[in-house]
Every structure is written in C-alpha cells, then in structure tokens.
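Results of the structural survey
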Amino acid sequence: MVTYDLKRLAAVPTAAELVDIVLMRTQRKTPTVVHPGYKITRIRSFYMRKVKFTQQTISERLGAIVSDFPRLDDVHPFHGDLMGVLYDRDHYKLALGQLNTCKKLCETVCRDYVRLIKYADSLYRCKALKVAALGRMATLIKRQRAALAYLEEVRKHLGRLPALDPTARTLLVCGFPNVGKSSFVNKVTRADVEVQPWAFTTKALYVGHMDHRYLRWQVIDTPGILDHELEKRNVIEMQAVTALAHLPCAVLFFVDVSEQCGYTLEQQKSLYDSIRPLFADKQLVIVANKVDAKPLEDLSADHQQMLKDMCAAHDPDAVLVPMSNVTEAGVQAVKDAACDVLLQARVDRRRAAAGGSRLRDKLTRLVATPADAAQRRPALATALPMGADEDRGPSIPASVLAARKAKKLEKRAARAAQDADRLELAALEARDGGHGSTTDAAQQAEHAAQQARAIARDAEAARAASARPPRTTERERMWAGGGPGVYSGETSREYIGQLRCDEFATDIQPEIMDGKNVLDFVDEDVLEKLAALDDLEVETDQTLDQLDAQLEAARLTPQEAAIIKAMRDRQLLARNRAQASTNRRNAPLPRAARLRTEEAPPADTLRGRARAAAEKRGRSLSRRPDDAMDTSVERSKSVAREPAAKKRRRDASRAASAHRSSSRPPPRNEQGLDGQAAQDRARLLQKKAQKKMNRMARGGEADRKTGPKLIRWMNEGKRRSGTSHHR
Ligand SMILES: Nc1nc2c(ncn2[C@@H]2O[C@H](COP(=O)(O)OP(=O)(O)OP(=O)(O)O)[C@@H](O)[C@H]2O)c(=O)[nH]1
Ligand SMILES: [Mg+2]
C-alpha cells in the first residue's frame, strides 16, 4: 500500500495561475533574442525550444498534481472509502483523469507544432506557429478550470482530516445524535470537540488521544447516525459508517437512557440492530449514558431487559456500563472496560496467529500411520489414497530386476569358476601323486569347468539384456548440432513409434491455412466417405448410360442411329489426331519468325496474299522514296548501298558489337569539324599548343590541381570585440 502524506499536498493553482506560471517560466528560462538575419535553422530551434519548454513545464506541473493526490485504490480502504464519501469517488477520479488527459493533449500539441516549425521558412512563420502552440496549450489548461478548483478544495479538506492511524489501538464512539458522545471524548482526551444540546453538532470524524496502561490509544468521535436505510444516509452519517466498517477497534455504542436526546430507547435499540453487522467482529461496550438524569434502576423492567438483550445479541462478553458525563460517574469504568476488552482481543489474536503457525509447522511433519488410516481418526484430516488399507508390495522396474539377476548370475559364475579351478588342481595333484582316482577327479574337474562356463554365458546374456541402450541427451545433441543459439530441438522425435508410419513424424502439419483452422475441416472418415461417393458415382453413370441408350434406341430410327454413331466416331478420331499432333512437341514457329523467309511466303496469310497480288501486278512492297515508281522485281529485294570509305574505316576501328547503334555520334575530337582536312588541322594545332607546356613541364588542364589553402582558425571566427591584428 502506498503511503501518502495527506497533510503536505502542494497547493493546486487555478487555471489562470497555471497559465501564468507556465508562460513566465518559459519567458525566464529560454533565450529571448532572435534576429531575422539568423540562419533559419537557428530561428527554428529557438522557437522549437520555446514550445517544448512550455510543454515540459505543463507536463511537470500537471503530472505532479496527478501523482501527488492519493489514488483511491492504493490508500487504506478506510481512507479510500472516506474520501469516496466526502469528495464523491467519481468526481475525484474524473478530475484527476481530466488533468492527465490535458497533459497528454499538450504533449500532442507540442509534437505537432514542433513538426510544423521544422519546416517553417521564415522567422515570422516560426513565431506564428509558436504563438499558436502556446495559445492552444493555454486553452487546454483553461478548460481544466473546474477540475483544478475542485482539487484545490479537496486538498484543503484533506489537510484538515483527522490524523487517523487505522492500525493503532482505537476506541470508536458511536450512537444516535445528541446522546453525549462528544462530551465523553472531551472527558477522556484533550480533543476539544464541540458540544451543543442539539443534534448533529459533530459533523465530521474527530480524533483524541489518551493513555491507558502506559499505552497510547486513539478515541474517535463520530457524527450521530439516524436509524434509516443505508441509501438515505447523508455524507455526515456515512463518515461514521465508514469508520465503523473499516477500522479494527473497540466500539462504544452510546445509549441515552434518559431519552433527553429526543429518541426513545426502542428507537436506539432499532438503530443498534441495524448497524450491528458493521461491528460483528469487533469488541463492544454498550454505554448507558446520562444516568444522572435517569438511573438504570428507574428504568422499566422492559427497558432494562432490552439493554441486556442488546448486550447478549452481540456477544456474551459484551458489557453494559452506566455512565454520566455530568457527574463523571462511570467514565473511568467505560474507558477501562473498552481498553481491556480490546487489548485482550489483540493479544488473543496475536497468540492465535503464532500458535497457528507452530501448529502448521507440525502438521507438515506429520505422517499418517496405517493404524490411523484404518481407524479413520477424525483428529488428523490427512488425505489418504483410495485402497490405502490394502497391503501393496513394492513396484520394482523390470530393468532393475534384470540387473539384479545378472549380478546374481555373475556371482554364481565366479563361484563355479573357483570350484572348477579347485577341482582341476586336485586332479593334477592326484595325477602327480599317482593315486588311483585320477580319471574320476579329472572328469569332475572337467564337468565343473563346463558348468562354470555355462553359468558365465548365462550371466553375460543377462547383463546384456539388462544393459540399457545408450541414450543421447538433448544437451549432447545441442552441442553436436552447433551449440546454444544455433541448435533448435526437434519435436518430431517424440512422435516416432506412435504413428502408423515413422515417416509421418516429420510431416509439416499446417494448423491455420487461409485464415482458417485446419482442424475444423478435418474429417476422420473422409476416405471411406470418398470411396462410397466414387462407388455411387460409377453406379449412377452406368445407370444413366443405360437409360440414355434405351431412350435413344426408342426414339431414333436405325438409319439415324447409324448416322449419329458415324458422327461420333469421326469426332473421336479428330480429337485423337489433334492430341497426337500436340504430343509431338512440334510447337509452331511464331508468325513473325515465319514471315522472315521471303522465298516461301505462306500463301494462306494476309501478307502472303498481298505479296502474291503485288507481284502479279508487277509491283514491289519494299520501296525507297527515290524509286517511287519502280516496277522491277529485282529491285524489290533490299540492296545495301556501298558504304563510304570513311564510314568503313570507322566501323572497322569499332568493336564489332551487335548492340552498337549505327547512329552513334562521331568522336568528340571530330565533332563540328567538317571534313578530313579540318580534322587534320585541328590535330596539328593541338600538338602545337601542348608543345610549350611539355617543354616547360607545366601542369596542364588535365593535371590534378589543389588550390592554396587558408588556415581556418587564422581567418575565421568572431571579430566583433577587439582586433584581429595579432592573427
Ligand atoms: N444530563 C446529561 N447531559 C449530558 C450528558 N452528556 C451530554 N449531555 C448533554 O447532551 C447534549 C449533547 O451532547 P453532545 O456531547 O454534543 O452529544 P453528541 O452525541 O456528541 O451529539 P452530536 O454531536 O450531535 O451527535 C449536550 O447538551 C450535553 O450537555 C450526561 O451525561 N448527562
Ligand atoms: Mg458530537
């Protein structure tokens, strides 16, 4: 929970003040002199700075207000509800929200105008944009006039709220108005609460402090509460209700037994009943006040019983204490009773919490024995598995059993081998000693050796069976596959062995296709359905064919049928031929390519027909302007002109590239020179001009030149004050 210092909130300026503050700060903190002679970038940055600075100040100020004021959801629920009651929760949130929006709008305005100033082309335009930006921001602030004024009022009121500590030891005084609550608070604490003989003298919560048993206590005086529905309660009453609802405390419910307050004992009982749920978990002392005016004994039996019932209704431990503020009789008793009962409750709660935690510690270590489980002892509510009473043997994995068997066999094999060795040794000794039983001993040794070998084979087989195949861990795979960051795990491996075919594991399964979930369209029985559909289709086709044949046979004469059959056969033949010809891959030449060959013009084309007609008339299709009326057939073929000698020379010197255009301009040293003589003369002149330069080894036009350099620091810079003679 965030702690706010409600007393030290900074003052909220009015809208006009805020505008003044912002503009004056901009004026003071940013440069003020600008000249039209400045570079435009400098002018722009001058004005941009002003706009940005204004926006920053506004954001700072409004942000401070928004963050300083407590958020109702962050403070203690008591304070949150109290502020909600006092200042209207919605209004409060709206005001802060509006300031936040205003801040954001100012930022947007700033961004937009800075963007515009970036492209402004003159000082005048920059200035106009700045004025517009500042004006819009000021308008935005002025629109928050109401929110700012409201928040200032809230701030002032928050500062005057009693400094309540919701966690301290608290006595809360409540009851009908005018029953003497404030008088009691004034008696036991140094709070100076107003006391008057009329109702609703106290209109807010008041706090006083007192000492009891060397401890500090806070006593809260609340406004009187009337007995009606919660919705009808006004702000003054709701403060008392909020305190009752949220503060952990001892409640002193004041009853005016003399009924001088203007309410009967029955009415006070009714109020007690209606607000009792608010202090159901709190300690209660019912104070029978003003006993100086009417002692308890003078009350009717019904009223006395009513007071006792009120005590009993809450808790058998709730006490009824008679008191008078005038005579001060019972004031100390009330104080003692309330403090003691609250203290006791606090100690009990703390002890219970500590004891509880110890018990929880123990519970975690408890193990239910089978005997407990059998008897289902209710004391320990431990969860037992189903069939816990059955005696269940241990479950040993098959691999462990196999390993154990292999180990046993190995031991047996070792023992058998030892026996065989021993027997062999005995047989050797017998043979060396020349005893009669040599052959028997040798046979025994041989037999033992065979057995030992058989057991060793079994042991080896068992060990091989129990040995697990070497497993490659994902980590090893990662290092083998390029290390972290490079390797990406293969999830498809998990599916191997689970699918009908292991190759299916690596299939890519699209989950979403064309924006649709594939699984929505998956039909598990689709293959069977398709097969059924195919069968149905074949069947339908056959039936339809039969029906057609029958119909035709019924409708046509034999001659007509024969003609139709012949037509169909021809169609079929034509289709087959066409297919055969396209299958030969003899794609036809494009028409343009075909027409290039003039010797054999295709007679069936338009051009071929035109050519044939022209030739028939003795005319040529290709002509030049100078042979307009040429009728010779020979001339119709394009005859290339003999190229000029000069052109031939040039062509020969060029690269023989097909891409070179014949309309390329002549080289630059020949351009503008008409004829060979002029070119030769120009070449001569060029040589002559170069001669002198070559002789003196001077830099020519083509030589790289670097002009003289001025040293920058000696020739540039500010020269306004002082001279630059020393430079
Ligand atoms: N006779 C008598 N009068 C008392 C006693 N206690 C308070 N009064 C009077 O009752 C009147 C109301 O006293 P308050 O202390 O203002 O009562 P309250 O409950 O605080 O009233 P609100 O603030 O309006 O809710 C005053 O005129 C007191 O003088 C008491 O013990 N005996
Ligand atoms: Mg009062």
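For the structure, check the block above.
Predicted, not measured: the structure shown is a model, and the values here were computed from it. (Residues numbered from 1 in each chain as written. Chains lettered and ligands numbered in written order. Predicted model: local features only at pLDDT ≥ 70, side-chain atom pairs only at ≥ 80, totals over all residues. Heavy atoms only, no water.)

**Concerning the coordination of the magnesium ion (ligand 2)**
Protein ligation of the magnesium ion (ligand 2) involves Ser182 (OG) and Thr202 (OG1), the donor distances falling in the range 1.9 Å. Residue serine 182 is found in helix α7 (residues 181–188), and its partner threonine 202 is found in the loop between α7 and β2 (206–212); the two are separated by 20 residues along the sequence. Here serine 182 falls in the buried class, since its relative accessible area comes to 8%. By relative accessible area, threonine 202 is classed as buried at 8%. (Donors = N, O, S within 2.8 Å, 3.2 Å for Na, K, Ca; no water. Helix = DSSP H or I, 4+ residues; strand = E, 2+ residues; numbered from the N terminus. Buried < 20%, exposed > 50% of the residue type's maximum accessible area, 1.4 Å probe, protein only.)

**Focus on the site of ligand 1**
The environment of ligand 1 is formed by 23 residues, the closest being Ser182, Ser183, Phe200, Thr202 and Asn325. Residue serine 183 places a side-chain N or O atom 2.6 Å away from an oxygen atom belonging to ligand 1. One of the backbone nitrogen or oxygen atoms of tryptophan 198 is found 3.5 Å away from an oxygen atom of ligand 1. Computed on the free molecule, ligand 1 has an accessible area of 650 Å², of which 87% lies beneath the protein chains in the complex. Looking at the shell around ligand 1, the element that brings in the most residues is α7, giving three residues. (Near = heavy atom within 4 Å. Polar contact = N/O pair within 3.5 Å; in protein donor to acceptor, adjacent residues only side chain to side chain. Areas by Shrake-Rupley, 256 points an atom, 1.4 Å probe, with all protein chains shown as cover.)

**Side note on the nonpolar core**
Phe69, Leu151, Phe184, Leu252 and Phe253 are the most contacted members of the largest nonpolar core, which totals 109 residues. Among the elements that take part in this core, helix α4 (residues 89–118) stands out by supplying eleven residues, more than any other. If you count residues domain by domain, this core takes at least three from each of domain 1 (6–156) and domain 2 (162–354). (Core = buried A, V, L, I, M, F, W, Y, C linked by side-chain atoms within 4.5 Å. Domains from an automatic or database assignment.)

**Describing the packing of aromatic side chains**
Two descriptors summarise a pair of aromatic rings, namely the distance from one centre to the other and the angle between the planes of the rings. Taken as a whole and judged by the stated rule, the model has six aromatic pairs. Here phenylalanine 184 and phenylalanine 254 contribute two aromatic rings whose centre-to-centre distance is 5.4 Å and whose plane-to-plane angle is 55°, an arrangement assigned as tilted. Linking phenylalanine 184 in helix α7 with phenylalanine 254 in strand β4 (residues 250–256), this pair joins segments that are 70 residues apart in sequence. Its relative accessible area of 0% is what places phenylalanine 254 among the buried residues. (Phe/Tyr/Trp six-rings, centres within 6.5 Å; stacked < 30°, edge-to-face > 60°.)

**A few points about the packing of helix α2 (residues 40–68) against helix α5 (residues 123–142)**
Each pair of packed helices can be described by the angle between their axes along with the distance between the axes. One way to put it is that α2 packs onto α5 with a least axis distance of 9 Å and a crossing angle of 5°. Relative to α5, α2 is oriented roughly parallel. Note on element contacts: α5 touches α2 through Leu123, Cys126, Lys127, Lys130, Ala133, Leu134, Met137 and Ile141, opposite Ile40, Ile43, Arg44, Tyr47, Lys50, Val51, Thr54, Gln55 and Ile58. (Axes fitted to C-alpha atoms, helices over the stretch in contact; angles between N-to-C directions. Parallel < 35°, antiparallel > 145°, perpendicular 65-115°, else oblique. Contact = heavy atoms within 4.5 Å.)

**Section: the layout of surface pockets**
Size it by volume and the second largest pocket reaches roughly 280 Å³. The wall of the second largest pocket is formed by Asp507, Ile508, Gln509, Pro510, Glu511, Asn517, Val518, Leu519 and Val522. Residue composition of the lining of the second largest pocket, grouped by class: five nonpolar, two polar and two charged. (1 Å grid on protein atoms, 1.4 Å probe; cavity = no way out; pocket = protein on both sides within 12 Å on 5 of 7 lines; lining within 4 Å. Points joined across faces, edges and corners; volume = space filled by probe spheres on them. Nonpolar A, V, L, I, M, F, W, Y, C, P; charged D, E, K, R; others polar.)

**Points about α4**
Compared with an ideal rise of 1.5 Å per residue, which puts 30 residues at 44 Å, α4 spans 44 Å between its outermost C-alpha atoms and is within 8% of the ideal. Taken together, the buried positions of α4 are occupied by Tyr92, Ala95, Leu96, Leu99, Cys102, Cys106, Val109, Cys110, Tyr113, Val114 and Ile117. On its buried side, α4 packs onto α2, α3 (77–87), α5 and α6 (145–160). (Expected span 1.5 Å × (residues − 1).)

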